[in-house]
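Observations on chain architecture
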Amino acid sequence: QLRLVETGGGLVQPGGSMRLSCIASGFTLDPYSVGWFRQAPGKEREAVSCVNSLATTSYLDFAEGRFTISRDNAKNTVYLQMNSLKTEDTAVYYCAVNIDCTGPPSTWLGPETSWGQGTQVTVSS
């Protein structure tokens, strides 16, 4: 069965770092683009970053220079390294597959996109 599980969230101080993992089971991630999205309380879900099958990466402006997406196909895992965290980064973070991140973030999602359950990231002093 297809399954995505996000781990690594928790409480971190502003300026701190955190690494999230998106662990896939039931299928192989190698051929697919994988995206990270987030949803803050009372706000809509927004794209954060994407990595395609060739390891080409894309970032939203707020993530550029602070966040790094990477993949370890041997572990069937995609990571999101987050540095210099801000309170505005507080959100539930989700990973997704069956996306196409060759275009603008508004076009990444499709009818067959699959999501993990999310992991809570809280940035607070």
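Starting afresh in each chain, residues are numbered from 1 along the sequence in its written order. Totals for whole chains, interfaces and linings use every residue, but because this is a predicted model, local features are given only for residues with pLDDT of at least 70 and side-chain atom pairs only at 80 or more, for both listing and counting. With hydrogens and water stripped out, all remaining heavy atoms of the structure feed into the side-chain values.

Thoughts on the state of the cysteines
The term disulfide is used for any two cysteine sulfur atoms that are within 2.5 Å. What the rule picks out here adds up to two disulfides. Between the sulfur of Cys22 and that of Cys95 lies a disulfide, 2.1 Å long from S to S. Torsion about the S-S bond of the Cys22 and Cys95 cystine: about 70 degrees, corresponding to right-handed handedness. With Cys22 in strand β3 (residues 18-25) and Cys95 in strand β9 (residues 91-97), this residue pair connects regions lying 73 residues apart in the sequence. In this structure, Cys22 and Cys95 share a single accessibility class: buried. Disulfide pairing places Cys50 opposite Cys101 at an S-S distance of 2.0 Å. Taking the sign of the S-S torsion, -55 degrees for the link of Cys50 and Cys101, the bridge is left-handed. With Cys50 in strand β5 (residues 46-51) and Cys101 in the loop between β9 and β10 (114-115), this residue pair connects regions lying 51 residues apart in the sequence. For the pair formed by Cys50 and Cys101, the shared burial category is buried. When the cysteines engaged in disulfides are numbered in sequence order, the chain pairs them as 1-3, 2-4. Numbering of helices and strands starts at the N terminus; helices are DSSP runs of H or I of at least 4 residues and strands are runs of E of at least 2. Only protein chains enter the accessibility calculation, which uses a 1.4 Å probe; a residue is then buried when its area is under 20% of its type maximum, exposed when over 50%, and partly exposed in between.

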